[in-house]
Amino acid sequence: MPPSDPPPDGPSETTPVASLFAFLSREVLSAVIALAGVYLSAKVIKRVMDPNSDERERLRQHREQVLERLYRTGVPRDALRCLGPSEETLLHDLVFPEDINSDFDAVGGLQGTKETLKELIVYPLLYPEVYAAGRGGAASSLLTPPKGILLFGPPGTGKTMLAKALAKESGANFLALSPSSLLSKWLGDTEQLARAVFSLARRVQPTIIFIDEIDGLFRERTSQEHEAHKNLKAEFMQLWDGLTTDDRFNQVVVLGATNRPYDVDPAILRRMPRPFEVSLPAVEERVEILRKVLHDVDVERPFDLQTVANVTAGYSGSDLKELCRAAMMHPVRESLRATAKSVGTGMVRRKAPPLRPLTLDDVLLARREVTRTQEQSADYQERVARESSGDASAASMDMTVKFLQMLATKTS
Ligand SMILES: Nc1ncnc2c1ncn2[C@@H]1O[C@H](COP(=O)(O)OP(=O)(O)OP(=O)(O)O)[C@@H](O)[C@H]1O
Ligand SMILES: [Mg+2]
């Protein structure tokens, strides 16, 4: 191998400007690398020291979005100034009416209940000025919405759906307090969080404070009741009473729902003077619910909804939906089987054939797969009847009457 050329002797060709430039580039590069290192290590240290920082940032962004939306819906900026930490926590349970996807139209049956709830809640919240047309322009306290309403009835009859529809129809913000989310939050200062529920509700009114499964949160008092829970209940009731003290422009309603009304603390029940039973649907209501459940399903024509309704006595709205879901699996299974067969014979895999329309037989056959709520809710029927009077004639009584009797018996 020929020897490589020796390096050129003598002074380098680089000019002072070039070497200054090279020096600066090296320095800048190492400064950038050092800064990046500091930044990354700060992030790592922050994450180790505070593992919840990302979550907090996410919550902060969510809070900003919620506040921005509230301003846009007309809540004055002043009303939302200086929110307390508990109010901020509760912002996450606030649902805007436009984000609710069930309205009265989606609820099948319950015509009478829907009409009464419209008059009692929807119209006063939608048209406060009409209800304020009393003497001197101030609303008569008789015309303001009742401060507490209870929806009770067997499981799966549409109570939660109806509550959401109420918020949607009345354009009210919906503060949904679920026992699971609240009891965990309320492990801290319970009274403070109870106060925050009502103060936030007032700030963003009109508001429906919705307590689903209210029996879980406000169970009848027992000797083993935790002190914090007792305080929460007492504070909550006091604040609730505060709503009723002649505040004629108050637009906050507490709405409770339960399928175990007999387990709710009677003191809480007394604050909901308008109980509505959301009962199992009668035959004509079942036709209506089936029509709504199947509205976007390809069914054979004609499809005899009446026959299905006739053979589904004791089914709740939720059972009817499950029945239709189970029935829909028949055409789906057939389609999947056809595809699997073509693969099994070694043929080129075909696209699944389109689903055939749902038939009456599919639905009738599916009845074997779905248990009726009536069977599970025997406990509900029996407990309300027993606790209302213990009277044998109770069986034929209207449920709301039984309920009121039950309340009277418990509080006497
Ligand atoms: N009246 C109804 N009209 C239309 N769909 C209904 C009706 N009732 C129930 N459903 C269907 O059943 C589902 C469950 O209903 P929902 O959760 O409102 O019942 P619920 O009364 O609150 O039951 P639970 O007492 O168990 O809480 C609804 O999402 C809806 O799809
Ligand atoms: Mg419910």
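That block above? That's the structure.
Model, not experiment: these values are computed from the prediction. (Residues numbered from 1 in each chain as written. Chains lettered and ligands numbered in written order. Predicted model: local features only at pLDDT ≥ 70, side-chain atom pairs only at ≥ 80, totals over all residues. Heavy atoms only, no water.)

Enumeration according to the criterion identifies five aromatic pairs in this entry. Ring centres of F174 and F210 lie 5.3 Å apart, and the angle between their planes is 25 degrees; on these two criteria the pair is classed as stacked. With F174 in strand β3 (residues 173-177) and F210 in strand β4 (residues 207-211), the pair connects residues that are 36 residues apart, well separated along the chain. Here F174 matches F210 in class, with each residue buried. With a centroid separation of 5.0 Å and 50 degrees between ring planes, the pair formed by F218 and F236 is classed as tilted. In this pair, F218 sits in the loop between α9 (214-217) and α10 (227-244) while F236 sits in helix α10, placing the two residues 18 residues apart along the sequence. An identical accessibility class is assigned to F218 and F236; each is buried. Grouped by ring-pair contacts, the aromatic residues F198, F218, F236 and W240 constitute a single cluster. Taking the ring centre of F96 as reference, the NZ or CZ of R69 above it sits at 4.1 Å. Stacked on the ring of Y71, the Lys or Arg R77 has its end atom at 3.9 Å from the ring centre. (Phe/Tyr/Trp six-rings, centres within 6.5 Å; stacked < 30°, edge-to-face > 60°. Helix = DSSP H or I, 4+ residues; strand = E, 2+ residues; numbered from the N terminus. Buried < 20%, exposed > 50% of the residue type's maximum accessible area, 1.4 Å probe, protein only. Lys NZ or Arg CZ within 6 Å of the ring centre and 35° of its normal.)

This part covers the pattern of salt bridges. Taken as a whole, this structure holds 18 salt bridges when the rule is applied. A salt bridge links D99 to R69; its shortest N-O distance comes to 2.9 Å. Highlighted residues: D99 in the loop between β1 (94-95) and α4 (111-126) and R69 in helix α2 (residues 53-72), separated in sequence by 30 residues. Overall, the relative accessible area of 44% leaves D99 in the partly exposed class. (Salt bridge = Lys/Arg side-chain N within 4 Å of Asp/Glu carboxyl O.)

The next point concerns unusual backbone geometry. Cis geometry is found at the peptide bond from Q205 to P206, where omega equals 5 degrees. Note that P206 resides in the loop between α8 (190-203) and β4. The peptide bond linking R301 to P302 adopts the cis configuration, its omega dihedral lying at -5 degrees. Here P302 shows up in the loop between α12 (283-293) and α13 (305-310). Positive phi values are uncommon outside glycine, yet E213 reaches one of about 50 degrees. Tracing the sequence through the fold places E213 in the loop between β4 and α9.

Fair warning: the whole summary comes from geometry, so function is off the table for now.
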